[in-house]
Amino acid sequence: MTKPQAGQLKASPRYILLGLLLAAAAALLLVSPPPGVPPLALKGGAAVLVAIGLWATAVLAEYLTAILFFCLTLVLGIAPPQVVFAGFHSTAVWLVFGGMVIGLAVKKSGLADRAVRLCLLLFGASYPRLVVAIATGGLLLAFVMPSSMGRVLLMMPIVLTLADNLGLGRQSKGRAGLVLAAAMGTMLPSYAVLPANVPNMVMVGAAESIYGLGFLYADYLLLNFPVLGVVTAFVVPLLILWILPDQAGDVAALPKPTPWSGGELKLLAVMGVTVTLWAMDFWHGVSPAWVALGAAVLLLLPRGGVIPASAIAEINFAPWIFVAGVIGLGAVASHTGAADLAGGWLLARLHLAELAAWQQYAGMLAVGMLVALMTGLPAAPAIMTPLAAELSRQTGWPLESVLMVQVPTWIAFAFAYQAPPIIVALSLGQIRLGRVGLLMLAYFAVGVVITLPLHYLWGRFLGVFP
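Predicted, not measured: the structure shown is a model, and the values here were computed from it.

Asker: Sorry if this is basic, but what is going on with the overall build of the protein chain here?
Answerer: Each helix and strand in the protein chain was counted, giving 23 helices and zero strands. In terms of overall size, the protein chain behaves like a compact globule, its C-alpha atoms giving a radius of gyration of 22 Å where 466 residues would be expected to give roughly 23 Å. Dimensions along the principal axes, computed over C-alpha positions, put the protein chain at roughly 70 × 55 × 45 Å. Here the protein chain holds 466 residues, and 52% of them are scored as buried. Look at the contacts in the protein chain between residues 6 or more apart in sequence, and 78% of them connect residues 24 or more apart.

Given below as structure tokens:
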């Protein structure tokens, strides 16, 4: 058997999965909607399945799948342009843009080299120690910076420069490991910290507007952090070191320390103000995205900036398009009723009232995971929070307890495309989604088998879950 044939056989499972999803999408486009189903729900579901299939199997470049999704939904009249391109109106996309400019300035100013030198001084050229240190540092940042996307964009220039200096090239497992340590390490455990991620705040805002319910920081932290936060913080580095083992090569010689340049000092000042404003958004109310955009403007100013305006041509905008596509997918799924249809279909078949309490917990998790699969994590709480009243009625659980069952569904997910901070990190590191598929599936399996049952038991111990 020739090597190309072996490669084709090895890749066949993903093409089988893609073929099944495309066949399901075609069926949804061809059948007539049954009574009571919105006319566009099936078409919306078809478009979502096509995008999910291509992202999950990594057959096409991620940004190209996003563009294909835009084209498909517009040509078929599935959703109007303002819905399809909702991602470009989202603060997340502009936070990514501002973060990319900041990252470019960190790299070109020499500040990244200084940070790498400090990392090597503290932790040495040890791949395992650096994975643990990066993941731990990302988690600690979650307590002072409210946006996981902002944290990822702040860390990525340093992590990529570190990988380069350790001889971890673009195709190495170690480079992917360091990138995922930064992205997963700062995002996943922080779902247990109330203001540290977008879904947390979407759920809190929706619960307040729909039900008049509020959540205290300490209560939320006590229920979620001891299990969801701590266990995930341990699991992520261990899985990375197991599935993506590597060792650092010969450390590239860094330039000898030089006096701080004016550009570096300006960048430090801008970053200091930016991080402070991010951390104080509860006080001033300005979105982290607009803070990042303001920082980008300051860094690109013709006089007084840190990098020339022409340097924007060096930015890779593929992650930007990708994030817009993921958010647009959620908007289309919500607008057409496809996400409500999927969640309602599963909810009608679970018969939650007839189940034991732990089975009801598992059933609600299944509904939340299905919605998150179709919409991505940022959009999932906007759909699940209105469903909470019906879930509470069927299960007999208090409404507040049902709302809290959403949190583990954001932590236990199987595909990187569901989490914009992870896909942005992978795109900036030029790492294909397919290369981290096994790690994501292993992480999901650990979550289902260990993390989620422990969370239920902890919630019962606290009296939050029946």
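Asker: Help me out: how do you make sense of the environment of Val231 in this one?
Answerer: On the secondary structure map, Val231 appears in helix α12 (residues 217–243). Val231 sits 83 residues away from Ser148 along the chain, and the two C-alpha atoms are 18 Å apart.

Asker: Which parts of the structure should I look at to understand helix α15 (residues 288–300)?
Answerer: If you check α15, its first and last C-alpha atoms are 19 Å apart, about what 13 residues at 1.5 Å a residue would give, namely 18 Å. Restricting attention to buried positions, one finds in α15 the residues Pro288, Ala289, Val291, Ala292, Ala295, Ala296, Leu299 and Leu300. Across the axial projection of α15, the buried residues extend over an arc of 165 degrees, all falling on one side.

Asker: Got a minute to help me understand the nonpolar core in this structure?
Answerer: Nonpolar side chains in soluble globular proteins tend to end up buried together. Core analysis: the biggest nonpolar cluster contains 151 residues, and Trp55, Leu178, Leu180, Met184, Ile422, Leu426 and Leu433 have the highest contact counts within it. When residues of this core are assigned to their parent elements, the largest contribution, 11 residues, is made by α12. Membership of the second largest hydrophobic core comes to five residues, among which are Leu18, Ala25, Val50 and Leu54.

Asker: I tried to follow the packing of helix α10 (residues 173–187) against α12 on my own but got confused; where do I start?
Answerer: Closest axis-to-axis distance for the α10/α12 pair is 10 Å, and the angle between their directions is 165 degrees. For the element pair α10 / α12, the angle class is roughly antiparallel. Remark: the crossing between α10 and α12 carries right-handed chirality. Taking contact as the criterion, the partners of Lys173, Gly177, Leu180, Ala181, Met184 and Gly185 in α10 are, on α12, Val236, Ile240 and Ile243. For the contact of α10 with α12, the residue count by class is six nonpolar, two polar and one charged.

Asker: Is there a simple way to explain the packing of aromatic side chains in this structure?
Answerer: The relative placement of two aromatic rings is captured by the distance of their centres and the angle of their planes. The tally for this structure, following the rule as stated, stands at 19 aromatic pairs. A ring pair is formed by Tyr361 and Phe465, whose centres lie 5.5 Å apart and whose planes are at 50 degrees; its orientation type is tilted. Highlighted residues: Tyr361 in helix α18 (residues 357–375) and Phe465 in the segment after α23 (437–462), separated in sequence by 104 residues. The exposure class of Tyr361 is buried, given its relative accessible area of 4%. Residue classification places Phe465 among the buried residues on the basis of a relative accessible area of 3%. Relative to Phe465, the ring of Tyr456 lies with its centre 6.2 Å away and its plane at 10 degrees, an arrangement referred to as stacked. Grouping residues by exposure puts Tyr456 and Phe465 together as buried.

Asker: Sorry if this is basic, but what is going on with the confidence of the model for the protein chain here?
Answerer: Should the pLDDT be low somewhere, the predicted coordinates at that spot are not to be read in detail. Taken over all residues, the pLDDT of the protein chain has a mean of 84, while the share at 70 or more is 95%. The least confident element of the protein chain is helix α1 (residues 3–30), whose mean pLDDT is 69; the most confident is α23, at 95. In this model, residues 1–11 is a region of pLDDT below 50 whose contacts with residues beyond four sequence positions or in other chains number two contacts.

Asker: I keep staring at helix α17 (residues 338–350) and nothing clicks. Help me out?
Answerer: Residues separated by three or four positions in an α-helix point in the same direction, a consequence of the helix having 3.6 residues per turn. Between its first and last C-alpha atoms α17 spans 19 Å; for 13 residues at 1.5 Å apiece the expected length is 18 Å, and the two agree. Turning to α17, its buried residues number three or more, namely Ala338, Ala339, Ala342, Gly343, Leu346 and Leu347. Packing partners of the buried residues in α17 comprise α2 (41–57), α16 (318–336), α18 and α19 (380–395).

Asker: I keep staring at unusual backbone geometry and nothing clicks. Help me out?
Answerer: Residues other than glycine predominantly adopt negative phi, and peptide bonds predominantly adopt the trans conformation. A positive phi angle is found at His351, which is not glycine, with a value near 50 degrees. Within the secondary structure, His351 is located in the loop between α17 and α18. By relative accessible area, His351 is classed as partly exposed at 45%. With a phi angle near 55 degrees, Gln430 is a residue other than glycine that sits in the positive phi range. Note that Gln430 resides in the loop between α22 (420–428) and α23. Judged by its relative accessible area of 43%, Gln430 falls in the partly exposed class.

Asker: How should the pattern of salt bridges be read in this particular structure?
Answerer: Where charged atoms from two side chains of opposite charge come close, those side chains can pair. All told, the structure shown has four salt bridges when counted by the stated rule. The closest approach of N and O atoms between Arg114 and Glu264, which form a salt bridge, is 2.6 Å. You can see Arg114 sitting in helix α7 (residues 111–123) and its partner Glu264 sitting in helix α13 (residues 262–279), a full 150 residues away along the chain. Overall, Arg114 belongs to the buried group, its relative accessible area being 15%.

Calculation notes
Residues numbered from 1 in each chain as written. Predicted model: local features only at pLDDT ≥ 70, side-chain atom pairs only at ≥ 80, totals over all residues. Heavy atoms only, no water. Helix = DSSP H or I, 4+ residues; strand = E, 2+ residues; numbered from the N terminus. Rg over C-alpha atoms; globule rule 2.2 N^0.38 Å. Buried < 20%, exposed > 50% of the residue type's maximum accessible area, 1.4 Å probe, protein only. Contact = heavy atoms within 4.5 Å. Expected span 1.5 Å × (residues − 1). Arc of directions from axis to C-beta. Core = buried A, V, L, I, M, F, W, Y, C linked by side-chain atoms within 4.5 Å. Axes fitted to C-alpha atoms, helices over the stretch in contact; angles between N-to-C directions. Parallel < 35°, antiparallel > 145°, perpendicular 65-115°, else oblique. Left-handed = near helix turned anticlockwise from the far one by under 90°. Nonpolar A, V, L, I, M, F, W, Y, C, P; charged D, E, K, R; others polar. Phe/Tyr/Trp six-rings, centres within 6.5 Å; stacked < 30°, edge-to-face > 60°. pLDDT = per-residue confidence, 0-100. Salt bridge = Lys/Arg side-chain N within 4 Å of Asp/Glu carboxyl O.

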